[in-house]
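# Descriptive analysis of the structure
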Amino acid sequence: MANAKGISLVDMVKYLRSRREEAIALLPERLRRYLDEKINIALWYPEEDMIGLVRVLVQLMPATSEPALRLIGRLNARHHVSGAYAHLFADADVPRLPLRARSLWKAMHDTGDLHMVVGDGEAEVEISGYGHPSAEMCEMIQPYLEELFFAAGVKKVRIVKRACCRAGGAACRYQVSWPPEADSI
């Protein structure tokens, strides 16, 4: 069973609690406990539960110009790189990003591996062995990666998904590129 670190659930659960009655009506019974139990940011929770919470969160979020799942991925990354894992990104730059991003993945997920190779104005990112791939994670990962590159000083990034484990690929692969002048802030 694949698990996610509790820190990934905290903000979602806070929002669901703020809309408790609506959340109860939408949450499967097995997930309603999250509305009452304390979330320990250091403990592991089933990724299946996290995705179930995400599905309800999407239904309750106000409409924005960015699709809800992309916004969730972006906000999660911002929370991670400025909160509990800020130490990984305090002095982050593109050359250090592969190790920092891999460390962050390992801190958030107990399955899978994130491997990144950076070059001049481009990078390849591969996520392999992830234990709970879902349509929701597919949508959230790309803006999450964008935010990691922003945290490393890249102002403008373009990411194209090249392969997906949900579509039969051995791993999810992303091609990342940025203009040369965007290398640093």
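Look up a bit, the structure's there.
A brief report on the enclosed structure follows. (Residues numbered from 1 in each chain as written. Predicted model: local features only at pLDDT ≥ 70, side-chain atom pairs only at ≥ 80, totals over all residues. Heavy atoms only, no water.)

## Examining helix 3 (residues 47–60)
Over its 14 residues, helix 3 runs 20 Å from end to end, which matches the ideal 20 Å to within 8%, given 1.5 Å per residue. With ten of 14 residues buried, helix 3 is to be regarded as a mostly interior element. Here helix 3 has its buried residues at Glu47, Asp49, Met50, Ile51, Gly52, Leu53, Val54, Val56, Leu57 and Leu60. Residues of helix 3 that are buried in the fold lie against strand 1 (3–5), helix 1 (7–18), helix 2 (20–26), strand 2 (44–46), helix 4 (68–82) and helix 7 (135–151). (Helix = DSSP H or I, 4+ residues; strand = E, 2+ residues; numbered from the N terminus. Expected span 1.5 Å × (residues − 1). Buried < 20%, exposed > 50% of the residue type's maximum accessible area, 1.4 Å probe, protein only. Contact = heavy atoms within 4.5 Å.)

## Focus on the packing of helix 1 against helix 3
Remark: helix 1 packs on helix 3, axes separated minimally by 10 Å, with the N-to-C direction vectors making an angle of 40 degrees. Taken as axis vectors, helix 1 and helix 3 run oblique relative to one another. For helix 1 against helix 3, the interelement crossing comes out left-handed. In this structure, helix 1 contributes Ser8, Leu9, Met12, Val13, Tyr15 and Leu16 to the contact, and helix 3 contributes Met50, Leu53, Val54, Val56, Leu57 and Leu60. Broken down by class, the residue content of the contact of helix 1 with helix 3 amounts to eleven nonpolar, one polar and no charged. (Axes fitted to C-alpha atoms, helices over the stretch in contact; angles between N-to-C directions. Parallel < 35°, antiparallel > 145°, perpendicular 65-115°, else oblique. Left-handed = near helix turned anticlockwise from the far one by under 90°. Nonpolar A, V, L, I, M, F, W, Y, C, P; charged D, E, K, R; others polar.)

## With respect to the pairing of strand 3 (residues 113–119)
Both strand 3 and strand 4 (residues 122–128) contribute to a ladder of seven bridges, which runs antiparallel. Within strand 4, the residue paired with Val118 across the bridge is Ala123. A loop of two residues connects strand 3 with strand 4, the two strands running antiparallel in sequence, and Gly121 in this loop sits at a positive phi of about 75 degrees. (Pairing = 2+ DSSP bridges.)

## Digging into the sheet that holds strand 4
The strands that make up a sheet are held in pairs by hydrogen bonds between backbone atoms, and each pair lies either parallel or antiparallel. With antiparallel pairing, the four strands of this open sheet are ordered in space as 3-4-6-5. On the outer flanks of this sheet lie strand 3 and strand 5 (158–163), each paired with one strand and no other. Across this sheet, the average inter-strand angle for adjacent strands is 20 degrees, counted without regard to direction. Running at roughly 140 degrees to strand 5, helix 7 makes contact with strand 3, strand 4, strand 5 and strand 6 (171–177) of the sheet.

## Some words on the packing of helix 4 against helix 7
Contact pair helix 4 / helix 7: the axes reach a minimum separation of 7 Å and the direction vectors enclose 40 degrees. By the angle between their directions, the pair helix 4 and helix 7 is classed as oblique. Crossing of helix 4 over helix 7 shows right-handed handedness. Packed against helix 4, whose contacting residues are Leu69, Arg70, Ile72, Gly73, Arg74, Asn76, Ala77, Arg78, His80 and Val81, the element helix 7 presents Glu136, Glu139, Met140, Gln142, Pro143, Tyr144, Glu146, Glu147, Leu148, Phe150 and Ala151 at the interface. The residue makeup of the contact of helix 4 with helix 7, split by class, is ten nonpolar, four polar and seven charged.

## Brief notes about the side chain of His109
With respect to the helices, strands and loops of the structure, His109 is situated in the loop between helix 6 (97–108) and strand 3. According to the relative accessible area criterion, His109 is buried, its value standing at 8%. Sequence-distant contacts of His109, defined by excluding residues within four places in its chain, comprise Asn3, Trp44, Glu47, Tyr130 and Met137.

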